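# Working through the structure, step by step
What follows is each chain in one-letter form.
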Amino acid sequence: MENINGLKRTAYCGTLHTLDVGSPVVLFGWAQRQRDLGNLIFIDLRDRTGIVQLAFDDNTDPEIFEKAKSVRSEDVLAVRGYIRRRESVNNDIPTGQIEVIVIELRILSRAQTPPFEITKEDEVGDETTLKYRYLALRNEKLTKNIIMRHHIARIAREYFYENDFLEIETPMMIKSTPEGARDYVIPSRIHNGKFYALPQSPQIYKQLLMVAGFDRYIQLARCFRDEDLRADRQPEFTQIDLEMSFVDTEDIMDMAEGFIQKLMAETIGVDDLVAPFPRMTFAEAMSKYGSDKPDTRFEMLIEDISEWAGKTDFAVFKNAVEAGGSVKAIVAKNAAATYSRKKIDKLTEYAKGIGAKGLAYIRWADEAPNCSFSKFLTELELEQLIKDLGVEKGDCVFIISDKTSLALSVLGALRLIIAKELDIIPENEWNFLWITEMPFFEFDEESGEWVAMHHPFTMPMEECIPYLDTDKAKVRAKAFDLVLNGTELSSGSMRITDCELQNKMFELLGMEKEEIEAKFGFLVEAYKYASPPHGGMGIGLDRLAMLICGADSLRDVTAFPKVQNASELMSGAPAVIDDIQLDELGIELAKKEDE
């Protein structure tokens, strides 16, 4: 293979323009495609910025022309030449008006035939593209996504630096502390039998930085959570992590809004975002949308028909209301044509799969509405419901009767599915929304205990502190989430800074004094030496990139992602380690029963 001695890149492929016509150029890249037309050869040369056409014609040195004939897809090339206008313009690419007439060609590396065509990466199964991730990343879409992620990181740093934040790294090997998910743990060779944990977030350390006097902290922090994967979740992820002293919730939210405005304007040209962003309490979000991260780009709000239902003779409805639950409904406008009986049956099965006992419905496709529970109603009762809900011919109504929380969550999920199937979610809208007044506790029905809805360092609202001992359901937190188009981007809160209140919160969450001292003694001790009021948030860089890029999954904006079972198909991680390493760590693996 040849080398690049004497050649220095003068430009990237995708940056060339008609203004460069006549200029000499040196390029490096990969051959995306070679077209041999006999007396003409064209090669599409690709680098991270895009592609440009290389041209070889009758005026090309015969030796170079023969070498161009031998070029195959994905060979790595170095070329020297000059820029000229193309005779046949390609308006599909930014460089489609120019080409490079080559006067020197070097083949730096030959490629075997790839397991899939790079330009058709989308059409290949995940197992193959993830195994050969380094090839999939050559695809233009994935390349652009990774570059966009870089720009998001750059803009974040610039913005927070301009606002007097200091970037401070916190440890990656820490003490295991409960933060809502399982820790990834690291055995210690020096301290046999003891383990570090990888951080779920830098939460405690950034609070201690506030105690230390670094009143504005920022970090693009790597975080790790051993939990089941989804399209918008990976076991390791990056958050734009910040903490501020001498502030209240308004200051933190204002700072975040300024960042989002700058980011959206500089990345995709959305420069009309108006701050402050809309706000909605947690209670309102759940009652109207059945979700604490509602997609507000479309209507179809949840209606409470419990009062009407309780007066009917339909036992399913009456029993739910009498047991303290609710009967909730959504009206899907113009849905009758889409939702046949067969399709409603599928929707019913989905509802049952997420906890509902069934799904009642009204489908008004013909002259009279078809109601799945009409035999339990009088004609007047059905007419009253239709009137109250504003149902018209062509509409469908879907109804869940159960515990209020379950009815809301099921209808919240159905609302999204129905909106997608009806294709009523507008594109190119950016609905940012703050969810405020989050509940501090949530009741775990399996354990019969109240557990923290957020991390245990969150400050309760002052007016709710009297309820800590008497009615945990009434305790709201000084916490807030930032939501974009139905995806949670960020969680933030003001923090507890009083050591007595912090101890009390630990105790309310079922921790004994010995456990508190063992896990959080250093934090409580720090508060004894005076802490400024402070709060902060973590903005999910991965999810932000996913939404800005219009990607369907975090995989599409992560260079080397994991699959659903948290393994990486390319390298084969996680992998077995040898007995010598296990012995050094003082670890003996338990044998499975079938071994």
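Located above this text is the structure these notes cover.
Throughout what follows, the structure given in this document is the object of discussion. (Residues numbered from 1 in each chain as written. Predicted model: local features only at pLDDT ≥ 70, side-chain atom pairs only at ≥ 80, totals over all residues. Heavy atoms only, no water.)

### Here's the deal with the pairing of strand β4 (residues 76-85)
The condition is simple: Any two strands with at least two DSSP bridges between them are considered paired. Runs of H or I in DSSP of at least four residues are treated as helices and runs of E of at least two as strands, each being numbered from the N terminus.
Where strand β1 (residues 24-36) lies against β4, seven bridges are found, and the strand directions are antiparallel. Across the sheet, Phe28 pairs through a bridge with Ala78, a residue of β4. Note: β4 against strand β5 (residues 98-109), 10 bridges, orientation antiparallel. Bridging from a neighbouring strand, Ala78 pairs with Arg106 of β5.

### Structural notes on helix α7 (residues 282-289)
To keep things clear, this is the line we draw: Note on classification: 1.4 Å probe, protein chains only; a residue is buried when its accessible area is under 20% of the maximum for its type, exposed when over 50%, partly exposed between these limits. Along the arc lie the directions from the helix axis toward the C-beta atoms. The criterion used for residue contact is that any of the two residues' heavy atoms lie within 4.5 Å.
Those residues of α7 that sit buried are Phe282, Ala285, Met286 and Tyr289. All buried residues of α7 lie within an arc of 105° about the axis, which places them on one face of the element. In the core, the buried residues of α7 are packed alongside β11 (279-281), β12 (302-304), α12 (404-422) and β17 (432-436). Positive backbone phi, approximately 70°, marks Gly290, located one or two places after α7.

### Overview of empty space enclosed by the protein
Selection rule: Residues are called lining when one of their atoms sits within 4 Å of a cavity or pocket point, these points coming from a 1 Å grid over the protein atoms alone, where a cavity is a set in which a 1.4 Å probe fits but cannot get out and a pocket is an open set with protein on both sides within 12 Å along at least five of seven lines. Grid points are joined across faces, edges and corners, and a volume is the space filled by probe spheres set on the points. Residues are grouped as follows: Ala, Val, Leu, Ile, Met, Phe, Trp, Tyr, Cys and Pro are nonpolar; Asp, Glu, Lys and Arg are charged; every other residue, Gly included, is polar.
Counted by the stated rule, this structure contains three cavities of 30 Å³ or more. When its volume is computed, the largest cavity comes out at roughly 40 Å³. Looking at the largest cavity, the residues that line it are Thr170, Pro171, Met172, Pro199, Ser201, Pro202, Tyr205, Gln219, Ala221 and Arg222. Among the elements that make up the lining of the largest cavity, the one with the highest residue count is strand β9 (residues 216-224) (three residues). Looking at the lining of the largest cavity, its residues break down into six nonpolar, three polar and one charged.

### Examining the sheet that holds β1
Formally: Axis lines are fitted to C-alpha atoms, over the contacting stretch for helices. Their N-to-C directions set the angle, which ranges from 0 to 180 degrees.
The strand order around the closed barrel formed by five strands is β1-β2-β3-β5-β4, and the pairing between neighbours is mixed. Between one strand axis and the next, the sheet turns by 55° as a mean value, whatever way the strands run. Bridge count between strand β2 (residues 41-47) and strand β3 (residues 50-56): seven bridges; the pairing is antiparallel. Bridge pairing links Phe42 to Ala55 in β3. Against the sheet, helix α1 (residues 62-69) contacts β1, β2, β3 and β5, and its axis sits at roughly 75° relative to β5.

### Comments concerning the layout of surface pockets
In this model, the second largest pocket occupies a volume close to 420 Å³. Sort the elements by how many residues they give to the lining of the second largest pocket and strand β7 (residues 185-187) lands first, with three residues. Residue composition of the lining of the second largest pocket, grouped by class: 11 nonpolar, one polar and three charged.

### Some points on the pairing of strand β16 (residues 396-402)
In terms of residue burial, β16 counts as a mostly covered element, since seven of its seven residues are buried. Alternating residues of β16 divide into Cys396, Phe398, Ile400 and Asp402 and Val397, Ile399 and Ser401, and every residue in both groups is buried. Taken together, the seven bridges between strand β13 (residues 326-332) and β16 define a ladder with antiparallel strand orientation. What sits directly across from Val327, in β16, is Ser401.

### What about the sheet that holds β17?
As summarised here, the arrangement of the eight strands in space is β6-β9-β10-β22-β21-β20-β17-β11, forming an open sheet in which the pairing is mixed. The sheet is open, and its two borders are formed by β6 (166-167) and β11, each paired with just one other strand. Where β9 lies against strand β10 (residues 236-245), nine bridges are found, and the strand directions are antiparallel. If you follow Gln219 over to β10, its bridge partner there is Asp241.

### So, the pattern of salt bridges
As a reminder of what qualifies: Salt bridge, as applied in this entry: a Lys or Arg side-chain nitrogen positioned within 4 Å of an Asp or Glu carboxyl oxygen.
Counted under the stated rule, the structure contains 44 salt bridges. With a shortest N-O distance of 2.9 Å, Asp542 and Arg149 are connected by a salt bridge. Here the residue Asp542 occupies a position in helix α15 (residues 541-549), and Arg149 occupies one in helix α4 (residues 140-162), the gap between them amounting to 393 residues. Judged by relative accessible area, Asp542 falls into the buried class, the value being 5%. Taken together, the shared-partner salt bridges in this structure form one network comprising Lys206, Asp241, Glu243 and Arg495.

### Observations concerning a negative patch on the surface
We count it as follows: Residues forming no salt bridge and having over 30% relative accessible area are the ones grouped into patches, like charges within 9 Å of each other and nonpolar side chains (Val, Leu, Ile, Met, Phe, Trp, Tyr) within 5 Å. Accessible surface area values rest on a Shrake-Rupley calculation with a 1.4 Å probe, where residue burial reflects the displayed protein chains alone. The sign given to each residue is positive for Lys and Arg and negative for Asp and Glu; His and the chain ends receive no count. One atom stands in for each charge, and that atom is NZ of Lys, CZ of Arg, CG of Asp or CD of Glu.
Together, Asp578, Asp579, Asp583, Glu584 and Glu588 make up a region of like negative charge exposed at the surface. Here Asp578 shows up in the loop between α15 and α16 (579-585).

### Thoughts on unusual backbone geometry
With an omega dihedral of 0°, the bond running from Ala275 to Pro276 counts as a cis peptide bond. Among the secondary structure elements, Pro276 is positioned in the loop between α6 (249-268) and β11. Here Ala573 and Pro574 are connected by a cis peptide whose omega angle stands at 0°. Position of Pro574 among the secondary structure elements: in the loop between α15 and α16. Positioned with a positive phi, Asp164 is a non-glycine residue whose angle comes to about 70°. By secondary structure assignment, the location of Asp164 is in the loop between α4 and β6. With phi around 55°, Glu437 is a residue other than glycine that occupies positive phi space. Mapped onto the elements, Glu437 comes out in the loop between β17 and β18 (441-444).

### Focus: the packing of α4 against α15
Selection criterion: Oblique is the label for any angle not covered by the other classes, which are roughly parallel (under 35 degrees), roughly antiparallel (over 145) and roughly perpendicular (65 to 115). Two helices cross in a left-handed way if the nearer one is turned anticlockwise from the farther one by less than a right angle. They cross in a right-handed way if the turn is clockwise.
The N-to-C vectors of α4 and α15 enclose an angle of 125°; their axes lie 10 Å apart at closest approach. Judged by the inter-axis angle, α4 sits oblique to α15. The two elements α4 and α15 meet at a crossing, and its hand is right-handed. Taken together, the residues of α15 that come into contact with α4 (itself represented by Asn145, Met148, Arg149, Ile152 and Ala153) are Leu541, Asp542, Leu544, Ala545, Ile548 and Cys549. Here the residues of the contact of α4 with α15 are counted per class, giving eight nonpolar, one polar and two charged.

### Digging into the environment of Thr281
With respect to the helices, strands and loops of the structure, Thr281 is situated in strand β11. In sequence terms Thr281 and Glu437 are 156 residues apart; their C-alpha atoms lie 5.5 Å from each other. What Thr281 contacts, discounting residues up to four positions off in sequence, is Ile435, Thr436 and Glu437.

### Some details on the environment of Asp232
Relative to the helices and strands, Asp232 resides in the loop between β9 and β10. Linking Asp232 and Ile580, residues 348 residues apart in sequence, is a C-alpha distance of 38 Å.

### Looking at α12
Because each turn of an α-helix spans 3.6 residues, side chains separated by three or four positions in sequence point in the same direction. Heads up, the rule is: Here the expected length of a helix is defined as 1.5 Å per residue gap, with one fewer gap than residues.
In a regular helix each residue adds 1.5 Å, so 19 residues correspond to 27 Å; α12 covers 26 Å between its end C-alpha atoms and thus fits that length. Looking at the buried positions of α12, the neighbouring elements they touch are α7, β12, β13, α10 (341-353) and β16. Just downstream of α12 lies Asp423, where phi reads positive at about 55°.

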